[in-house]
Amino acid sequence: MTIGLEIHAELNTKSKMFCSCKNSSFDKEEVLPNTNICPVCMGYPGTLPVINKEAVRKVLMVGKAIGANIADFTEFDRKNYFYPDIPKGYQISQYKYPLVSGGSIAGVKLTRIHLEEDTARSSHDTGSVSLVDYNRAGVPLAELVTEPVIHSSEEAMNFAREYQLLLQYLNVSDANMEKGEMRVEVNISVSKDETFGTKVEVKNINSFKAAGKAIDYEFKRQVQLLEEGKSVVQETRGWDENKNSTFSQRAKETANDYRYFPDPDLPKLIISEIPDFSDSELSKIIPETPSLKRERFSKDFKIKDSDIEVYISNREAGEFFEEVASLLNGQQLVQTASNYITSNIIGLSKAQGLSFNKGSLSPKAFADLVAMNGEGELSSSGTKTILELIWGGDKRSPKEIALQDGLIQKNDVEEIKKMAEKIIENNPDSVSEYKSGKESLLQFFVGQGMKESKGSVNPEVFKKIILELLK
Ligand code: ZN
Ligand code: MN
């Protein structure tokens, strides 16, 4: 199987690609259909498009962030076809001279990233009529095309996820697939040798999971056709989410069908002559990318890869972790802090339906708590109890809570021994059962010790002592 991906992402600019209409694609509230439109994006005769500089900048940022080639000369072309969602009868896109070419993401080589305009949104599920909303017509769209170098659905999904993260880190697009802000199309072919088979394009994929399922389905379908001695038809297929299968939509167009030619209404761009697009200007506005952040976290903090991935996809958690780590001395404490963040704090957040909520926990209080745990003053259950109290709004410091609530871990052998003797005295039946061979009762005694000490006894020390006493 060989896979190439085409990914369209709406850019989160203020206005549309070639007119001053509001780009409402990322608005939180619902926008009335056909309210953000004008003669330009409605394709009226005699109107003139104007290039959105911010949209060009955003595509250049992506190109530069991944070390791809930035075009010096670039231009826009007309891609001609008829459909009600394309009011001009053509889409303004880039054909011969894309803004960005080459580069790679997650080890997958890119062919290009070019800039174009989105189409209107049509709905065909409204009874006997179809409806078209032109708010989306003319929204800036970055189209990325990979080389056909992907060979599994996992690799394809990993690439798409990594690209989504990059768009979000660069604040170029919100890239939400469910909302259609990022749309993945898959080109798949199968072959038993090094040559390429006939490729089939699959559209209408609105989640990573669907992309993976569509690839796996298409692989099986094509292999079966070939094994039956039939041939694969070059076509565009849709993904049916309900039937979990692809279906034929139309025969594939070739570039010739679109009669591309340079748009005479728009100026050619010489990128090197635009000061705002110079290397140094772009460098100023490009933040740390996910892959650089990964490297830095691994080098500076030496935490688990799975923790790093949590901080890559959950940026707020990552920022909190970094603040805490800067307050801690030593590798071990930093790793402990990361464990509590990725399991406990994120667990508490998820219970509230949030991806990350540090609650009332300041980095300082949390660092103090982790340090106490590192010193052996707190058991893991004591640490967790205090973490939950402060997270939920307890204003006391970790030290105050530990002292006032009796959570300081007891390592004092004499004191623990006294407590263990008391437990043995109070549970004569369990003691005789234990002595007659029911050794699993040891856990019961340890539990009693934890209960008696409100979790403040060091369980390992307690276990040792009660074992000796029982003997
Ligand atoms: Zn407009
Ligand atoms: Mn396109």
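Before reading on, note that the structure itself is shown above.
Definitions and limits used
- Residues numbered from 1 in each chain as written.
- Chains lettered and ligands numbered in written order.
- Predicted model: local features only at pLDDT ≥ 70, side-chain atom pairs only at ≥ 80, totals over all residues.
- Heavy atoms only, no water.
- Donors = N, O, S within 2.8 Å, 3.2 Å for Na, K, Ca; no water.
- Buried < 20%, exposed > 50% of the residue type's maximum accessible area, 1.4 Å probe, protein only.
- Pairing = 2+ DSSP bridges.
- Helix = DSSP H or I, 4+ residues; strand = E, 2+ residues; numbered from the N terminus.
- Salt bridge = Lys/Arg side-chain N within 4 Å of Asp/Glu carboxyl O.
- Tetrahedral: all angles 85-135°; square planar, octahedral: opposite > 155°, others 65-115°.
- Core = buried A, V, L, I, M, F, W, Y, C linked by side-chain atoms within 4.5 Å.
- Contact = heavy atoms within 4.5 Å.
- Axes fitted to C-alpha atoms, helices over the stretch in contact; angles between N-to-C directions.
- Parallel < 35°, antiparallel > 145°, perpendicular 65-115°, else oblique.
- Left-handed = near helix turned anticlockwise from the far one by under 90°.
- Patch = residues over 30% accessible without salt bridge, like charges linked within 9 Å, V, L, I, M, F, W, Y side chains within 5 Å.
- Areas by Shrake-Rupley, 256 points an atom, 1.4 Å probe, with all protein chains shown as cover.
- Lys, Arg positive; Asp, Glu negative; His and termini not counted.
- Charge placed at Lys NZ, Arg CZ, Asp CG, Glu CD.
- Expected span 1.5 Å × (residues − 1).
- Phe/Tyr/Trp six-rings, centres within 6.5 Å; stacked < 30°, edge-to-face > 60°.
- Right-handed = clockwise from strand over helix to strand, strands pointing away.
- Arc of directions from axis to C-beta.

1. Concerning the coordination of the manganese ion (ligand 2)
Then, number 1: The protein atoms that coordinate the manganese ion (ligand 2) are His8 (NE2), Glu116 (OE) and Glu143 (OE), at distances of 2.1 to 2.2 Å.
Then, number 2: Under the relative-accessibility criterion, Glu116 is labelled buried at 2%.
Then, number 3: On the basis of relative accessible area, Glu143 is assigned to the buried category, the value being 9%.

2. Details of the sheet that holds strand β16 (residues 261–262)
Then, number 1: Taken together, the three strands give an open sheet; going across it, the order is β5-β4-β16, and neighbouring strands pair in antiparallel fashion. Of all strands in the sheet, those bounded by a partner on one side alone are β5 (90–93) and β16.
Then, number 2: As judged from the four bridges shared by strand β4 (residues 77–80) and β5, these two strands associate in the antiparallel manner. Counterpart to Lys79 in the pairing with β5 is Gln91.

3. Description of the pattern of salt bridges
Then, number 1: Under the criterion given, the structure shown has 29 salt bridges.
Then, number 2: Between Lys22 and Asp27 there is a salt bridge, with its nearest N and O atoms 2.5 Å apart.
Then, number 3: The network of salt bridges with common partners includes Glu10, Asp118, Arg136 and Arg183.

4. A word on the coordination of the zinc ion (ligand 1)
Then, number 1: At the metal site, the zinc ion (ligand 1) is ligated by Cys19 (SG), Cys21 (SG), Cys38 (SG) and Cys41 (SG), and these contacts range over 2.3 to 2.4 Å.
Then, number 2: Each of the four donor atoms around the zinc ion (ligand 1) contributes to a set of angles spanning 98 to 114 degrees, which defines the coordination as tetrahedral.

5. Looking at the nonpolar core
Then, number 1: The biggest cluster of nonpolar side chains holds 59 residues, and the ones touching the most others in it are Leu5, Ile7, Val56, Leu115, Tyr163, Met182 and Ile205.
Then, number 2: The greatest single-element share of this core, amounting to seven residues, is contributed by helix α2 (residues 153–169).
Then, number 3: The residues touching Tyr163, leaving out its near neighbours within four places in the chain, are Ile7, Val62, Ile105, Ala142, Leu144 and Met182.
Then, number 4: By size, the runner-up hydrophobic cluster in this structure holds 37 residues, among which are Phe301, Ile308, Met372 and Leu407.

6. Some remarks on the packing of helix α9 (residues 363–374) against helix α10 (residues 380–391)
Then, number 1: Where α9 meets α10, the closest approach of the two axes is 10 Å, and the angle between their N-to-C directions is 165 degrees. As judged from the angle between their axes, α9 and α10 are roughly antiparallel. For the pair α9 and α10, the crossing hand works out as right-handed. Across the interface between the two elements, Phe366, Leu369 and Asn373 of α9 pack against Ser380, Thr383, Ile386 and Leu387 of α10.

7. Some words on a negative patch on the surface
Then, number 1: A cluster of like negative charges, contributed by Asp412, Glu414, Glu415, Glu421 and Glu425, occupies part of the molecular surface.
Then, number 2: Owing to a relative accessible area of 39%, Glu415 belongs among the partly exposed residues under this scheme.

8. Concerning the pairing of strand β11 (residues 140–146)
Then, number 1: Judged by how many residues are buried, β11 sits mostly within the fold: seven of seven residues are covered.
Then, number 2: The side-chain alternation of β11 yields two buried faces, one formed by Pro140, Ala142, Leu144 and Thr146 and the other by Leu141, Glu143 and Val145.
Then, number 3: Direction of pairing for strand β1 (residues 2–10) relative to β11: antiparallel, over a ladder of five bridges. Following the sheet pairing, Ala9 is matched in β11 by Ala142.
Then, number 4: When strand β8 (residues 108–117) meets β11, the two strands line up antiparallel, connected through seven bridges. Bridged to Ile113 within β11 is Leu144.

9. Brief notes about unusual backbone geometry
Then, number 1: The phi angle at Ala106 is positive, at roughly 50 degrees, despite the residue not being glycine.
Then, number 2: With respect to the helices and strands, the residue Ala106 is situated in the loop between β7 (104–105) and β8.
Then, number 3: With relative accessibility at 42%, the residue Ala106 sits in the partly exposed group.
Then, number 4: Notably, Asn244 is not glycine yet its phi reads approximately 55 degrees, a positive angle.
Then, number 5: Following the sequence through the fold, Asn244 ends up in the loop between β14 (235–240) and β15 (245–251).
Then, number 6: Classification of Asn244 by relative accessible area gives partly exposed; the value is 35%.

10. Notes on helix α8 (residues 331–351)
Residues three or four positions apart in an α-helix share a direction because the helix packs 3.6 residues into each turn.
Then, number 1: In this model α8 runs 30 Å from its N-terminal to its C-terminal C-alpha over 21 residues, within 8% of the 30 Å that 1.5 Å per residue would give.
Then, number 2: Backbone geometry just after α8 places Gly353 at a positive phi near 75 degrees.

11. A few points about the packing of aromatic side chains
Then, number 1: For the coordinates displayed, the defined rule picks out 16 aromatic pairs.
Then, number 2: Ring geometry for Tyr217 against Trp239: centres 6.4 Å apart, planes inclined by 65 degrees, an arrangement best described as edge-to-face. Pair noted here: Tyr217 is in helix α3 (residues 208–227) and Trp239 is in strand β14, with a separation of 22 residues, a long-range link.
Then, number 3: Given the relative accessible area of 29%, Tyr217 is considered partly exposed.

12. Looking at the pairing of strand β13 (residues 200–205)
Then, number 1: By the bridge criterion, four bridges tie strand β12 (residues 182–189) to β13 in an arrangement that is antiparallel. For Val186, the partnering residue across the bridge sits in β13 and is Val202.
Then, number 2: As defined by bridge partners, β13 adjoins β14 across three bridges and the pair is classed as parallel. Its bridge partner lying in β14, Lys203 is registered against Gly238.
Then, number 3: After leaving β13, the chain enters α3 and then returns to the sheet as β14, a path that is left-handed.

13. Observations concerning the packing of helix α6 (residues 305–313) against helix α7 (residues 315–327)
Then, number 1: At a minimum axis distance of 5 Å, the contact between α6 and α7 shows a crossing angle of 115 degrees. Here Tyr311, Ile312 and Ser313 of α6 come into contact with α7, specifically with Arg315, Ala317, Gly318 and Phe321.

14. Some details on the environment of Tyr434
Then, number 1: With respect to the secondary-structure elements, Tyr434 resides in helix α13 (residues 428–435).
Then, number 2: For Tyr434, a relative accessible area of 14% gives the class buried.
Then, number 3: Remark: the alpha-carbon pair of Tyr434 and Lys471, spanning 37 residues in sequence, is separated by 10.0 Å.
Then, number 4: If we ignore the near neighbours within four places in the chain, the residues touching Tyr434 are Glu439, Leu441, Leu442, Phe445, Leu467 and Leu470.

15. Considering α13
Then, number 1: When α13 is considered as a whole, its buried residues turn out to be Ser430, Val431 and Tyr434. Viewed along the axis of α13, the buried residues span an arc of 100 degrees, placing them on a single side of the element. Exposed side chains of α13 directed beyond 90 degrees from the buried face belong to Pro428 and Asp429.
Then, number 2: Buried residues along α13 sit against α12 (413–426), α14 (442–452) and α15 (459–470).
Then, number 3: Backbone geometry just after α13 places Gly437 at a positive phi near 120 degrees.

Just distances and angles here, no functional claims.
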